[in-house]
Amino acid sequence: MRVSLFAAALCLTLAACSSTQQVYEVTEVDRPPEFERDTLVVEDPAGVTYVLPAAVTPDVAPDRSVDILSTALDLAFGFEDETVQGTARHTLTPLRSGVESFYLHAADMEIENVRQIGERGVGHGYEGDRLTVTPATPLAIDSVYTFEIDYLARPTLAGQGALGDGGSGLYFIDPSGTDPGRPTQLWTQGQAESNRRWFPTWDYPNDRMGFEISMTVPDSLVTAANGALVEQTDLGSGMRRDRYVLEGDQVAYLAAVAAGPFAVVRDSVMSVDSTAIPLAYFVEPEFEEAVPRIFGETPRMMEVFEEKFGVPYPWPDYKQMAVRDFTAGGMENTTITLLFEHIQTDERAYLDYTGRDLIAHELAHQWFGNLVTTKDWANLALNESFASYFEEVYLEEAFGRAEAQAHGIADRDGYFAEAERHRRPIVWYGYSAPDGMFDRHTYQKGGQVLNQLRFELGDDAFWRGMQHYLTKHRYGSVEMADFRIAMEETSGRSLRRFFDQWWHRPGHPVLEVEQAYFAGSSVYTVQVVQRQDLANAPTFAFETNIELNYPNQPREVRRVRIARADTTLRFSVPEAPSFVRFDEGNWTFADILLRQPLAETLVQAVEDDEMAGRYDAVVALAGRDLNLQVREVLLRAATEDAHPLVRERAAGALEPYAGIPEVTETLAQLGQADETPAVRRAALRSLAEADSAALVRPALRAALDDASYLTQAQAVRLYAKRFRDDAFDAVQPLLDAPLSWRGRVEQALVEVITEYRLGGVAGAEYLAAQTDVLRPDPVRLSAIEGLLVLGRRDEDIRMFAAGALAARVGDLRPAVREAVAEALGEIGDAAALEALEAQAEVERDADVQAALRGAIEQRKKGSTQVGSGE
């Protein structure tokens, strides 16, 4: 890549340093054509990539010449050809005098007409994804104008075109009604910049507008859109027109419509301003009775957020809808959150997945992201970091501090895993595409930074600052500086260093903490060394709590500030502490390597009154060499701790001890008796390594009947790995069981039959059954791969597999057709070749067509030999 002058200068500076100075390789981030970047990528000696902020912040938002005040859409959907026939009516005002033309975003549309209400002679041009409108006369500032655009959109094709980023904006699900495994639906997903594929708009978050949306659909479908349903009109011939109006404005990417044969369950919650907020839950009819379990916490979440934010729910209603094949887990469109289909669980699936965090996350966005919205994608944290953290806040209010800490531990671990590869500023102007901002820096790291800010400011100042920020910027677009100023105005504290080090610089504190008591000294010493790469990451200044616990004295909590790379703290103590906990409360966002005496860790694992403290101690014990005292404490934690996360971690840490009879018996009991499926799974993983087949076999076999689908699936994998000789017989009852949630059990069965070649032809017959259209696509694709693998090795299975796969060559799903074609290219027979050629005559998907051509050529050459291996 090209190296900038600034980068070259940095290289020279580093090279001129002393011989012990590491010289970093510096390259420039790829630049999108429309933006000028000056962000540098530096790789440190450990191989971690640091993205350094530019010396000058580049502009990332496109320039506007008009402000859209309101948008009215009138939409009709062509299910047969997956089109949108629409009229967009924009009321706008210029941002400067004498605007002779302005442009809107519109991708791969047919623009049929553009007119200006009350004027003639308006012109327009259309190139790329820009619709340029030329009014009859230049637009005068402080005046209001209305333009109407008639258009035809083909969003499915738009997402695949030259401007396509993979996002179609609007998606048709089984529009022909021929797929027995899917209902006919349509839904939209606009974030980041895909709504331009189904209506002309200003598709960037630095403009806000009111919305009115009308939809013409078959009267068999239920609809939803932004705002309240204000009118339904019977158009005759089985068609209906629904009109929705949103009170308050929003950015364009939050505009949304959806339709399908949903069951609707209605509810309400009383807001703090004494208004009743209508709630609605849209699910597939078979899940209607499950709605109270799936969505029942929504009113409580609404109450918690109103109380904590100090701002009533800002919209007229709130709808949640589960749709098929959604491109994300959820999307917080204003008043209409769309969720992936897997939020719909049966009672067994709910044991492992409640959807609680997802539901809370999208609801929190109605304030943070919708009422107040990031001005550009560089500041996406103002949406996503907040929503991520408020998942944790809801857990704390509803279930207690321990649940919030467990959530925080998971978020930190998720971010730290990503940070092993690269570290960038959370607020980052160097992205090459908006999608690059949707990562664990923006979500998990940002959420934990808010947790750190809350600790340093205190609850009162933190929540008053949130209320002030929301109120001050209501219906506004913001940058991180707006949030900082709001928090400074309410707390009276200068926060520039805090915001600079956490939001605007890459990296995080990596702390080496060594603590010890020296007998007879009456002093306890804690040394804190910041080990992050200080050439690329800052020396952090932060506050933390240190808790000193004594055998015969009340505990003490000391709040300290760490602001140097190497800090030594000395505490006068009345006696030798039983244990000292660094970061009491689990507020400090840092990767901490703690060195403390083993005796303290053993006590902390059992006696710490906070779940996070006991969890940290168990993690530390898991890294110790085999030790009788460690084993006994881990056994106690695994069987007696009040929190499942601690029990789970302790059960996993017992794996090295699994061969000891007492441990084997305990793990076998935990694998069946613990109330939490995740703990049972951890116990079974450790148990599977034990030597005693007499204990392991019945425990794993019992787990094949576990109430949790995920535990069943794990038992399938563990049993097949350990006891291959009778594994196919052991899993027989599962082969004919009803489909599990997301096909988790079926996926495991397919994997073990393939990997261990279980069951011979009978195993292949099971794989063939899993290619059925009513199975989840991941299961179907794995089964196709399994038939290919088994067919390579056995002639009888090859003949069976070729016939089974040939029956799927014209499948409804392109991904399945492509996988079938590739498999038949290797193991197909003459009949399969005929099927491939017949499908090639009618195939419309380019990727599938290429796979078909390759398979036909391969079969004609007869290149595959039975037994050629994998």
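The coordinates are above.
Quick caveat: nothing in here was measured; it's all calculated off a predicted structure. (Residues numbered from 1 in each chain as written. Predicted model: local features only at pLDDT ≥ 70, side-chain atom pairs only at ≥ 80, totals over all residues. Heavy atoms only, no water.)

Participant: Looking at this structure, how should I read the overall build of the protein chain?
Facilitator: A count of helical and extended segments in the protein chain gives 29 helices and 32 strands. Projecting the C-alpha coordinates of the protein chain onto the three principal axes gives extents of approximately 95 × 75 × 65 Å. Considering the protein chain as a whole, with its 870 residues, one finds that 57% of them fall into the buried category. Of the contacts formed within the protein chain by residues at least 6 apart in sequence, a portion of 67% connects residues at least 24 apart. Accessible area of the protein chain: about 34,500 Å², with a carbon and sulfur share of 48%. (Helix = DSSP H or I, 4+ residues; strand = E, 2+ residues; numbered from the N terminus. Buried < 20%, exposed > 50% of the residue type's maximum accessible area, 1.4 Å probe, protein only. Contact = heavy atoms within 4.5 Å. Areas by Shrake-Rupley, 256 points an atom, 1.4 Å probe, with all protein chains shown as cover.)

Participant: What is the right way to read the nonpolar core from this model?
Facilitator: The tendency in soluble globular proteins is for nonpolar side chains to be buried side by side. With 162 residues, the main nonpolar core has F77, V257, F305, W367, F390, F483 and W503 as its most contacted residues. With eight residues, the top contributor of residues to this core is helix α7 (residues 381-399). Excluding its chain neighbours within four sequence positions, the residues that come into contact with V257 are L75, F77, L170, L186, W187, T188, W198, I213, M215, A224 and A225. (Core = buried A, V, L, I, M, F, W, Y, C linked by side-chain atoms within 4.5 Å.)

Participant: Looking at this model, I keep getting lost on the pairing of strand β10 (residues 145-153). Mind explaining?
Facilitator: Regular strands show a simple pattern: their side chains alternate between the two faces of the sheet. Burial runs high along β10: nine of the nine residues are buried. Of the two faces of β10, the one carrying Y145, F147, I149, Y151 and A153 and the one carrying T146, E148, D150 and L152 are both buried. Relative to β10, strand β5 (residues 83-94) is paired through nine bridges, and the arrangement is antiparallel. Bridging from a neighbouring strand, T91 pairs with T146 of β10. Pairing of strand β7 (residues 109-116) with β10 involves seven bridges; the strand directions are antiparallel. For I111, the partnering residue across the bridge sits in β10 and is Y151. (Pairing = 2+ DSSP bridges.)

Participant: Got a minute to help me understand the pattern of salt bridges in this structure?
Facilitator: Pairing is possible between side chains that carry opposite charge, provided their charged atoms lie close to one another. One pass over the structure, following the stated rule, counts 59 salt bridges. We note a salt bridge from K319 to D317, for which the minimum N-O separation is 2.8 Å. By relative accessible area, K319 is classed as buried at 6%. Taken together, the shared-partner salt bridges connect D179, R182, D325, D777, R780, D811 and R813 into one network. (Salt bridge = Lys/Arg side-chain N within 4 Å of Asp/Glu carboxyl O.)

Participant: I'm lost on the packing of helix α19 (residues 693-703) against helix α20 (residues 709-722) in this one. Help?
Facilitator: Each pair of packed helices can be described by the angle between their axes along with the distance between the axes. Viewed as axis vectors pointing N to C, α19 and α20 meet at an angle of 145 degrees, and their least axial separation amounts to 8 Å. For the crossing formed where α19 meets α20, the hand is left-handed. Two secondary-structure elements touch here, α19 through A693, V696, R697, L700, R701 and A703 and α20 through T711, Q712, A715, L718, Y719 and R722. (Axes fitted to C-alpha atoms, helices over the stretch in contact; angles between N-to-C directions. Left-handed = near helix turned anticlockwise from the far one by under 90°.)

Participant: What's the story with α20 in this structure? I'm lost.
Facilitator: Since there are 3.6 residues in each turn of an α-helix, residues three or four apart along the chain are aligned in direction. The end-to-end C-alpha distance of α20 is 20 Å, a good match for the 20 Å that 14 residues give at a rise of 1.5 Å each. Most of α20 sits out of view: 10 of its 14 residues are buried. Looking at the buried positions of α20, the neighbouring elements they touch are α5 (347-350), α18 (677-687), α19, α21 (727-730), α22 (732-735) and α23 (744-756). (Expected span 1.5 Å × (residues − 1).)

Participant: Please clarify how the sheet that holds strand β9 (residues 130-134) should be interpreted in this entry.
Facilitator: Consider a sheet: its strands pair through backbone hydrogen bonds, and that pairing is either parallel or antiparallel. With antiparallel pairing, the three strands of this open sheet are ordered in space as β6-β9-β8. The open sheet terminates on both sides in strands that have one partner only, identified here as β6 (102-105) and β8 (123-127). Strand-to-strand twist in this sheet, taken as the mean axis angle between neighbours without regard to direction, amounts to 25 degrees.

Participant: So what exactly am I meant to see when it comes to the pairing of strand β30 (residues 566-572) here?
Facilitator: Residue alternation in β30 divides its side chains into a buried set, T567, L569 and F571, and an unburied set, D566, T568, R570 and S572. Bridging between strand β27 (residues 523-530) and β30 involves seven bridges; their strand directions are antiparallel. Within the sheet, the bridge partner assigned to V523 lies in β30 and is S572.

Participant: Mind showing me how you'd approach the side chain of T754 here?
Facilitator: Relative to the helices and strands, T754 resides in helix α23. A distance of 2.8 Å separates a polar atom in the side chain of T754 from the backbone oxygen of V750. Those residues in contact with T754 that lie beyond four places of it in its chain are L767, G786, V789 and L790. (Polar contact = N/O pair within 3.5 Å; in protein donor to acceptor, adjacent residues only side chain to side chain.)

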